[in-house]
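The chain contents come next:
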Amino acid sequence: MNTYKLSFAVVMGALMLVSCNDDKKKEDQIKLEAQETEMAEANKAEQELKDAQMKEEQMKEEARSNSIASKAMAADELDTLVIALNAAGLSEMLMAEGEYTVFAPTDHAFSELKKGMLEDLTKPENKEMLVGVLQYHVVPGIMRSEDLGKAIDEGKGKATLTTVKGDELTIMRDGDQIVIKDGKGRKAQIVLGNIDASNGIIHEVDRVLLAK
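Definitions and cut-offs
Residues numbered from 1 in each chain as written. Predicted model: local features only at pLDDT ≥ 70, side-chain atom pairs only at ≥ 80, totals over all residues. Heavy atoms only, no water. Core = buried A, V, L, I, M, F, W, Y, C linked by side-chain atoms within 4.5 Å. Buried < 20%, exposed > 50% of the residue type's maximum accessible area, 1.4 Å probe, protein only. Helix = DSSP H or I, 4+ residues; strand = E, 2+ residues; numbered from the N terminus. Contact = heavy atoms within 4.5 Å. Pairing = 2+ DSSP bridges. Lys, Arg positive; Asp, Glu negative; His and termini not counted. Salt bridge = Lys/Arg side-chain N within 4 Å of Asp/Glu carboxyl O.

Novice: Describe the nonpolar core, with residues and values.
Specialist: Counting residues in hydrophobic clusters, the biggest one holds 31 residues, and the most contacted among them are I68, L81, L94, V102, L134 and V208. Per element, the largest residue contribution to this core is five residues, and it comes from helix 3 (residues 79-88). Those residues in contact with L94, other than ones at most four positions away along the chain, are S67, I68, A69, L85, Y100, V102 and N199.

Novice: Describe the pairing of strand 7 (residues 200-205), and please don't skip the residues or the numbers.
Specialist: In terms of residue burial, strand 7 counts as a mostly covered element, since six of its six residues are buried. Of the two faces of strand 7, the one holding G200, I202 and E204 and the one holding I201, H203 and V205 are both buried throughout. Relative to strand 7, strand 6 (residues 187-197) runs antiparallel, the two being bridged by five bridges. When the bridges of strand 7 are listed, I195 appears paired with I202. The loop that links strand 6 with its antiparallel partner strand 7 comprises two residues.

Novice: Tell me about the side chain of E204, and name the residues and values.
Specialist: Of note, E204 is situated in strand 7. In this structure, E204 is buried with no salt-bridge partner, the nearest side chain bearing the opposite charge being K71 at 11 Å. Those residues within four positions of E204 in sequence are excluded, and the remaining contacts are A75, E77, L78, A104, T106, Q189, I190, V191, L192 and I195.

Novice: Tell me what's going on with helix 6 (residues 127-135), and back it up with residues and numbers.
Specialist: Of all the positions in helix 6, only L130, V131, G132, V133 and L134 are classed as buried. Check the buried side of helix 6 and you find it contacts helix 3, helix 5 (117-121) and strand 2 (138-140).

Novice: So what's going on with the pairing of strand 6? Which residues, and what values?
Specialist: It is a general feature of regular strands that their side chains alternate between the two faces of the sheet. Pairing analysis gives three bridges linking strand 5 (residues 177-181) to strand 6, with the strands arranged antiparallel. For I180, the partnering residue across the bridge sits in strand 6 and is A188. What sits between strand 5 and strand 6 in their antiparallel hairpin is a turn of five residues, with G185 showing a positive phi close to 85°.

Here it is as structure tokens:
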């Protein structure tokens, strides 16, 4: 009888040990699976973040390549403006996010400046003056040709625009043409309008605009 009890105890002990081992294995397996799931989720989140960052960078690069500054670089008649923007350190501003309307003087417009004026403006010591001249051609917000026309009509023949420099331009009609009058009373015509960019719009004009 004692032998039977001993054998029974040994068997039960063995079964309990096996059961404990199975439970431990199951517990370890559950922990392992939980860790693997957690790691997979973390990897997925990390990859999604990388993908989002990459997409954001691609969008930024695409925006820069279609920015006002880049459009000016690609235009046939704005080479002098690009040189002036680089000399003034404004290219980056016109590549960055924003909404601007730029009245961009053509190469011919710059050629009609007083002799030596452009050369003087692009000298390092005159950078601040050059910045002022160029900023006088930039208006906050996006105004397509139809928006300019609407503003003129609502103003009963003319409208005032405030540039990023803080000075004013006056827009009006001359027959079918929209003209911009600067602070010196000189008028420039839009020769090519509605050049879309990622951060605004460009209107090529036939005269360099000058503040008072």
